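Residue-level listing of the chains:
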Amino acid sequence: MNFRFVILGDIHVSTRGQVADAFHHVVQRVVERAPRCVVLAGDMTSGNPDDGRRLETVQGWWEALDGALAPFAEAGIPVLPVAGNHDHYTDAHRDGYDRAWADLVDRVGPLSLSGQPPRNYSVRLDGLHLALAQIVDQGIAPDVERWLIDDLAAAGDADLRLVVGHVPLRSAMGRTNSAFERRLAGLLIDYDVACYFAGHEHLAWDIGLDVGAGSVRQIIVGTPGARYTFPLRGPLVRSFCRGARGWMPWSRLAFDVAAGTGDQTHKVVFAEVEVLGGQYAVELYAVDHNGRVLPFWRSIEPPADVAAVIDARHVQRGLNRVMDAGLVVDGVVGPATRAAIRAYQAMEGLPETGAPDAATRDRLAARLADPDVVAVPPPPEPPAPAPDEAERLAEEEIRWIQMALNRLADADLVVDGLFGPRSRAALSAWQRDAGLPDTGIPDGETLERLRAAFEALIEAPLPGRFPADGRADHPDEIRWLQAALNRAIGAGLTVDGASGRLTRAAVRRFQDEAGLAVDGIAGPRTLGALRARVGG
């Protein structure tokens, strides 16, 4: 079994039925690479909630896409679609999708599809089982979940299992529904899925997701020609980007960014998956404005601080697998991680440093590479410490602390009411910035200061003035817009009254989160929704 297939993310045929020139370049280059099939990972069109588009109009969008895909048909390359949110909002959108792909079984020729194409279905390519699931928001519908479970359970004889959906399990540009991530990632881990591919976010990202002692890789495949892209979230930029370069947490491969922004330099991207036996490899390629294919990522060693985060994540993931250590895979070497590392080092006869050093990483990698690896007992539980203030707090109060730290310090905490190591570390960092003892303990003075800071943030008037005429074109109005975006989505914009590329990217991000037409223009509907979100 040795072949390759290509995954194309969001195409976004415009509401006027236009296909971006860049996409035509991508199609030409992919045809030249002669893949076994091409997967379209959703958002092929640009429907929006309550856009009032008639079925005839929607069908025109699909006809335009069909023309752009014609070179694949001419080359005998089957195309396998999965719906995205913009293909699915209204009855007209859903009907248009179903009509556009009604003859999918006939189109794909010798490939045999199982399930309910074009919605939820799978294809067997030699020993590869490839499942395409309709995941159009941060949730999985009960019927989709039942189908996916049955489909993967029936694929137990496959050498390799991969799944393609539209929406990522964990977002790289916005917030994540952690319950959805845990539910679907856990399902994929249970059925030994090697990788989940997604689109939706108009950027490329490669990360491991962990539930219990298992993990699954997630790759967001970028866009082959949508009209807009999104930058990486601030916490990811701070952890994995330095200057004009970033590194993928899973593969350690380097990519180019606009310095300090998380805005990836290469905008037109496609993914190529090579399958060899029960193994697979993924390459991301960019296509420039001249139609030339370039590598999106390259093998460049990260700087020491980025490498430390990536190495710590890999060690935490490995310890969860071989010792069922129950660690949060966050790249932070806290007390729980150090204790698990020391226990593993003792088991292997290594110096018990508690640090994820090279010898420990190498020994752990060798153990994980052994197909007969057997989990060893977890380290003994340390004596329970005396209860601190966090243990005396109600779940709702801890949830409030987590939410306040997310807004005040962009802490990126899961708001779950559990005061674990990440919440403690975030609180400690905030205490240090606030001039308090950085104990990580939510004592009375800390809670009083935190509440005062949060209330000041929420109640403080925004600078500038609201664009009452529905257009943010005066510097004072742009300052209001920038400050409102910072408060609503943590955009991290400089409030300078100049509407540049970063401000437009933040507007697009807010529009996407709010279910509005994503065009980067702060018009009346966007401004109204933003004002409702932030008040004032």
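Look a little higher up for the structure.
Residues numbered from 1 in each chain as written. Predicted model: local features only at pLDDT ≥ 70, side-chain atom pairs only at ≥ 80, totals over all residues. Heavy atoms only, no water.

**A closer look at the sheet that holds strand 15 (residues 269–276)**
For clarity, the threshold we go by: Here a strand pair is declared whenever DSSP counts at least two bridges between the two strands. Helix and strand definitions follow DSSP, with helices as H or I runs of at least four residues and strands as E runs of at least two, each counted in order from the N terminus. Note on definitions: angles span 0 to 180 degrees between N-to-C directions of axes, and those axes are lines fitted to C-alpha atoms, for helices only across the stretch in contact.
Reading across from one edge, 3-2-1-15-16-17 is the order of the six strands in this open sheet, with mixed pairing throughout. The strands lining the two open edges of the sheet, one partner per strand, are strand 3 (79–81) and strand 17 (293–295). Looking at each pair of strands side by side, their axes are set apart by 30 degrees on average, direction ignored. Of the strand pairs in this sheet, strand 2 (residues 38–40) and strand 3 are connected by three bridges, and their pairing is parallel. Residue pairing across strands places L40 opposite P81, the latter belonging to strand 3.

**Remarks on the packing of aromatic side chains**
We count it as follows: Between the rings of Phe, Tyr and Trp (Trp by its six-membered ring), a pair exists once the centres lie within 6.5 Å; its type follows the angle of the planes, with under 30 degrees stacked, over 60 edge-to-face, and the other angles tilted. The classification of residues rests on relative accessible area computed with a 1.4 Å probe and restricted to protein chains. Under 20% of the type maximum is buried, over 50% is exposed, and intermediate values are partly exposed. Geometrically, a lysine NZ or arginine CZ counts as sitting over a ring once it is within 6 Å of the ring centre and also within 35 degrees of the ring normal.
Enumeration according to the criterion identifies eight aromatic pairs in this entry. Note on W62 and Y97: the rings are 5.7 Å apart at their centroids and 65 degrees apart in plane angle, and the pair reads as edge-to-face. Within this pair, whereas W62 is found in helix 2 (residues 55–74), its partner Y97 is found in helix 3 (residues 91–100), the two being separated by 35 residues in sequence. A relative accessible area of 0% means that Y97 is categorised as buried. Geometrically, the ring pair formed by Y228 and F230 is edge-to-face, given 5.5 Å between the ring centres and 80 degrees between the ring planes. The burial state of Y228 is the same as that of F230; both residues are buried. Chaining the aromatic ring pairs together yields one cluster made of W205, F240, F255 and F296. The ring of Y285 is capped by R33, whose NZ or CZ atom sits 4.5 Å from the centre of that ring. Above the ring of F3, the side-chain terminus of R36 is found at 4.8 Å from the ring centroid.

Purely geometric numbers; function is a separate question.
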